[in-house]
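Listed here are the chains, written in short residue letters.
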Amino acid sequence: MRRTDRLIAATVGFAIVAAVFTGLAATSLRDHRAIEREHIENAEILDAARSGILAMISIRDASAPDDVKKVLDQSTGAFKTDFEARSAAFVSVVQQAKVVTTGDVVAQGIESRDDETATVLVYATSSVTNAAGAENETRSWRLRVTMTDDHNRYKMSKVEFVA
């Protein structure tokens, strides 16, 4: 084999190796960006679930209408419709019973997820004081919350109490 033939073969071989490495790098970068997007979206979902649940379990008699509005602002679909329909009665009960609750989300995680919804499991506690005699009583909540993409913002569309 002549020297020029060896040089051409080496150049072609190098070009093939470079093309393979470039392809692998591009694929790796694409996969990395997809994973980063998923992590960011998961954080957004968990933040929205935390905020919505805290709004639900942190209610004060003095600010009940505003507290209910916070829940509604973070809700969508059937859950929002149902909660809105019952909100006037809910506010009345909270005010009459002089309810003050302060909530805390202790743990949460995404159970499942697709393009438009995610199911989040939440363990939360609240401290309850009311006219019936409760004085900073701790209540525990285990919830399954369906979060739905509502115009690029995740909102609660279903809240279930888990036994």
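Everything discussed here concerns the structure shown above.
These figures come from a predicted structure and were not determined experimentally.

**Focus on the pattern of salt bridges**
Under the defined criterion, the tally for this structure stands at eight salt bridges. Across the pair Lys 69 and Asp 73 runs a salt bridge, and its minimum N-O distance is 2.9 Å. Of this pair, Lys 69 and Asp 73 both sit in helix α2 (residues 64-73), separated by four residues, roughly a single helical turn. Residue Lys 69 is classed as partly exposed on the basis of its relative accessible area of 45%.

**Examining the packing of α2 against helix α3 (residues 77-96)**
Relative orientation of the contacting elements α2 and α3 amounts to 165°, with a least axis distance of 10 Å. Regarding the angle of α2 to α3, the classification is roughly antiparallel. Crossing geometry of α2 relative to α3 is assigned as right-handed. Counted together, Ala 64, Pro 65, Val 68, Val 71 and Leu 72 of α2 and Phe 79, Lys 80, Phe 83, Glu 84, Ser 87, Phe 90, Val 91, Val 94 and Gln 95 of α3 form the full contact between these two elements. Among the residues forming the contact of α2 with α3, the class breakdown is 10 nonpolar, two polar and two charged.

**As for the pairing of strand β1 (residues 100-113)**
For β1 and strand β2 (residues 117-129), the ladder comprises 12 bridges, and the chain directions are antiparallel. Bridge pairing links Ser 112 to Thr 119 in β2. The hairpin formed by β1 and β2 contains three residues between the paired strands.

Basis of the calculations
- Residues numbered from 1 in each chain as written.
- Predicted model: local features only at pLDDT ≥ 70, side-chain atom pairs only at ≥ 80, totals over all residues.
- Heavy atoms only, no water.
- Salt bridge = Lys/Arg side-chain N within 4 Å of Asp/Glu carboxyl O.
- Helix = DSSP H or I, 4+ residues; strand = E, 2+ residues; numbered from the N terminus.
- Buried < 20%, exposed > 50% of the residue type's maximum accessible area, 1.4 Å probe, protein only.
- Axes fitted to C-alpha atoms, helices over the stretch in contact; angles between N-to-C directions.
- Parallel < 35°, antiparallel > 145°, perpendicular 65-115°, else oblique.
- Left-handed = near helix turned anticlockwise from the far one by under 90°.
- Contact = heavy atoms within 4.5 Å.
- Nonpolar A, V, L, I, M, F, W, Y, C, P; charged D, E, K, R; others polar.
- Pairing = 2+ DSSP bridges.

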